[in-house]
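Listed below, chain by chain, are the residues.
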Amino acid sequence: MARILVTGGAGYIGSHTSHHLLARGHDVQVLDDLSKGYAHNVPEGRLHVINLLDSSSLDRFLATHRFDAVIHFAAFIAVGESTREPERYFRNNTGGSLALLEAIERHGVRRLVFSSTAAVYGNPDSVPITEEAPLRPVSPYGESKLMTETTLKWLDACSGLRYAALRYFNACGAEAAFGIGEEHEPETHLIPLVFRAIRTGEPLTVFGGDYPTPDGTCIRDYIHVSDLASAHLAALESLLAGGASGVYNAGTGRGYSVLEVLRAAEQVTGRKVPFAVGPRREGDPAELVADSSKLRKTLGWAPRYDSLPAMVESAWRFESIRQGKRGT
Ligand code: UDP
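Criteria and cut-off values
Residues numbered from 1 in each chain as written. Predicted model: local features only at pLDDT ≥ 70, side-chain atom pairs only at ≥ 80, totals over all residues. Heavy atoms only, no water. Near = heavy atom within 4 Å. Polar contact = N/O pair within 3.5 Å; in protein donor to acceptor, adjacent residues only side chain to side chain. Helix = DSSP H or I, 4+ residues; strand = E, 2+ residues; numbered from the N terminus. Nonpolar A, V, L, I, M, F, W, Y, C, P; charged D, E, K, R; others polar. Pairing = 2+ DSSP bridges. Salt bridge = Lys/Arg side-chain N within 4 Å of Asp/Glu carboxyl O. Buried < 20%, exposed > 50% of the residue type's maximum accessible area, 1.4 Å probe, protein only. Expected span 1.5 Å × (residues − 1). Axes fitted to C-alpha atoms, helices over the stretch in contact; angles between N-to-C directions. Contact = heavy atoms within 4.5 Å. pLDDT = per-residue confidence, 0-100. Phe/Tyr/Trp six-rings, centres within 6.5 Å; stacked < 30°, edge-to-face > 60°. Lys NZ or Arg CZ within 6 Å of the ring centre and 35° of its normal.

1. Details of the site of the ligand
(1) Moving on: Taken together, 15 residues sit near the ligand, with Leu-190, Thr-205, Phe-207, Arg-281 and Asp-284 positioned nearest.
(2) Moving on: Contact distances for the ligand include 3.0 Å between an oxygen atom and a side-chain N or O atom of Asn-170.
(3) Moving on: Between Arg-220 and the ligand, the recorded distance is 3.1 Å, taken from a side-chain N or O atom to an oxygen atom.
(4) Moving on: Of all the elements in the fold, those that place two or more residues in the shell around the ligand are helix H6 (190–200) and strand S8 (204–207).
(5) Moving on: Among the elements that make up the shell around the ligand, the one with the highest residue count is S8 (four residues).
(6) Moving on: Residue composition of the shell around the ligand, by class: eight nonpolar, four polar and three charged.

2. Describing the sheet that holds strand S12 (residues 256–257)
(1) Moving on: If you trace the three strands from one edge of the open sheet to the other, you get S12-S9-S14, paired in mixed fashion. Pairing within the sheet leaves two strands with one partner each, and these edge strands are S12 and strand S14 (287–288).

3. Quick notes on the pattern of salt bridges
(1) Moving on: Applying the stated rule across the entire model yields 15 salt bridges.
(2) Moving on: Of the charged contacts, one joins Arg-280 and Asp-210 as a salt bridge, the two residues approaching to 2.9 Å between their closest N and O atoms. Of the two residues, Arg-280 sits in the loop between strand S13 (275–278) and S14 while Asp-210 sits in the loop between S8 and strand S9 (219–220), which places them 70 residues apart along the sequence.
(3) Moving on: Here Arg-280 falls in the partly exposed class, since its relative accessible area comes to 44%.
(4) Moving on: Here Asp-210 falls in the exposed class, since its relative accessible area comes to 53%.
(5) Moving on: Among the salt bridges present, the one from Arg-281 reaches Asp-284, with a minimum N-O distance of 3.1 Å.
(6) Moving on: Residue Arg-281 is classed as partly exposed on the basis of its relative accessible area, which comes to 39%.
(7) Moving on: For Asp-284, a relative accessible area of 17% gives the class buried.

4. Things to note about helix H7 (residues 225–240)
(1) Moving on: With 16 residues, H7 should reach 22 Å at 1.5 Å per residue; the first-to-last C-alpha distance of 22 Å fits that figure.
(2) Moving on: By the criterion of burial, H7 is predominantly enclosed, with 12 of the 16 residues buried.
(3) Moving on: For H7, the complete set of buried residues consists of Val-225, Ser-226, Asp-227, Leu-228, Ala-229, Ala-231, His-232, Leu-233, Ala-234, Ala-235, Leu-236 and Leu-239.
(4) Moving on: Trailing H7 by a residue or two, Gly-242 shows a phi angle of about 95°, which is positive.

5. Remarks on the pairing of strand S11 (residues 246–250)
(1) Moving on: Across the five residues of S11, five count as buried, placing the element largely inside the fold.
(2) Moving on: Across five bridges, the pairing between strand S6 (residues 162–168) and S11 is parallel. Following the sheet pairing, Leu-166 is matched in S11 by Tyr-248.

6. Examining H6
(1) Moving on: Every buried residue belonging to H6 is among Leu-190, Ile-191, Pro-192, Val-194, Phe-195, Ala-197 and Ile-198, and all of these are buried.
(2) Moving on: Just beyond H6, the residue with positive phi is Gly-201, at close to 80°.

7. Focus on the sheet that holds strand S3 (residues 47–49)
(1) Moving on: Pairing is parallel across the open sheet formed by seven strands, whose spatial order is S3-S2-S1-S4-S5-S6-S11. Two strands in the sheet have a free side with no partner beyond their single neighbour: S3 and S11. Pairwise comparison of adjacent strand axes, ignoring direction, gives a mean angle of 20° for this sheet.
(2) Moving on: Packing of H7 onto the sheet brings it into contact with strand S1 (3–7), strand S4 (69–72), strand S5 (111–117), S6 and S11, and relative to S6 it is tilted by some 165°.

8. Observations regarding the confidence of the model for the protein
Low-confidence regions, as indicated by low pLDDT, have predicted coordinates that should not be scrutinised in detail.
(1) Moving on: In this model, the protein carries an average pLDDT of 96, and 99% of its residues clear a pLDDT of 70 or more.
(2) Moving on: Confidence scores differ between elements of the protein, with helix H10 (residues 308–326) showing the lowest mean pLDDT of 88 and S6 the highest of 99.

9. A short note on the packing of aromatic side chains
(1) Moving on: Counted under the stated rule, the structure contains three aromatic pairs.
(2) Moving on: The cationic tip of Lys-36 hangs over the ring face of Phe-76; the distance from NZ or CZ to the ring centre is 5.3 Å.
(3) Moving on: Above the face of the Tyr-248 ring, Lys-294 is positioned so that its terminal group lies 5.0 Å from the ring centre.

10. Observations concerning the side chain of Asn-92
(1) Moving on: Its location among the elements puts Asn-92 in helix H4 (residues 86–106).
(2) Moving on: Look at Asn-92 and you get buried, because its relative accessible area is 16%.
(3) Moving on: Looking at Asn-92, its side chain comes within polar contact range of the side chain of Asn-93, at 3.1 Å.
(4) Moving on: Among all residues touching Asn-92, those that are not within four sequence positions of it are Leu-53, Ala-75, Phe-76 and Ser-97.

Encoded structure:
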């Protein structure tokens, strides 16, 4: 059993990982400023509402707990918003991460798992993407994460911090057993928007039908949030066992087009997805698929979900629970 600090643990991936950590017997405390996340996602009695840039509150908090490691999720995640408000993204994501790294250094915590993103690659030259591919973010969001990866690399070399950075592809799905799922405000992600289109009858806009892919729509590597959580556990436990720092792609290695996601949703729900093909969304590469062999080989990770319908089904189960609670 290890004592783990989870920043951003009220968010989608952070809350799933927190529940998985507890289920595995670790002690978990969550830091979140609730600017995006939801208190109801956090396991009972474990939430501390603190912003990472509030160094004195962070110091007071760290002085009263002794952590073996940190899993750092807290960040803004909307690519489009980051192009409109880059300063906010660099301050919150890069600045917040640096403040956290300085604080844990002061309190002697030397193990960290970082939530990075496939957005560090920008438009890849080829797929599947390995960790050695050129790092050329095309948004402030991607750059804000890459800057933290670079900081981590240097802290590993110079100050003995050991870290794992997981570059997420497209997280999706939910864990019904924990009663949590994907809830963003505003929602920009495909699968929740597909469900919204089914519910309201308002057509979903498919962003671009003229990509150089078999059906003309973008291809992404969808990974179930529970598999992403298990990747964090594998990375954490490797670091706690004295393992070296590393950067890992977190995806299943299989790509699905937007239209394939729509078809999977129709299969799972038995309902038609109303949609219209619109213009491309700025900054969307045609195809992002992970080569995740490093994560599999080095950390012994394997996804439990390898089919898109099963992932979509778990998201639909959460959506049904959520709508039931709202009484709509
Ligand atoms: N997408 C779409 N319509 C939407 C939202 C997303 O066609 O309303 C597409 C988007 O262009 C991308 C894929 O769905 O190819 C996944 O997008 P999402 O925003 O879920 O994740 P991202 O790839 O941006 O991390």
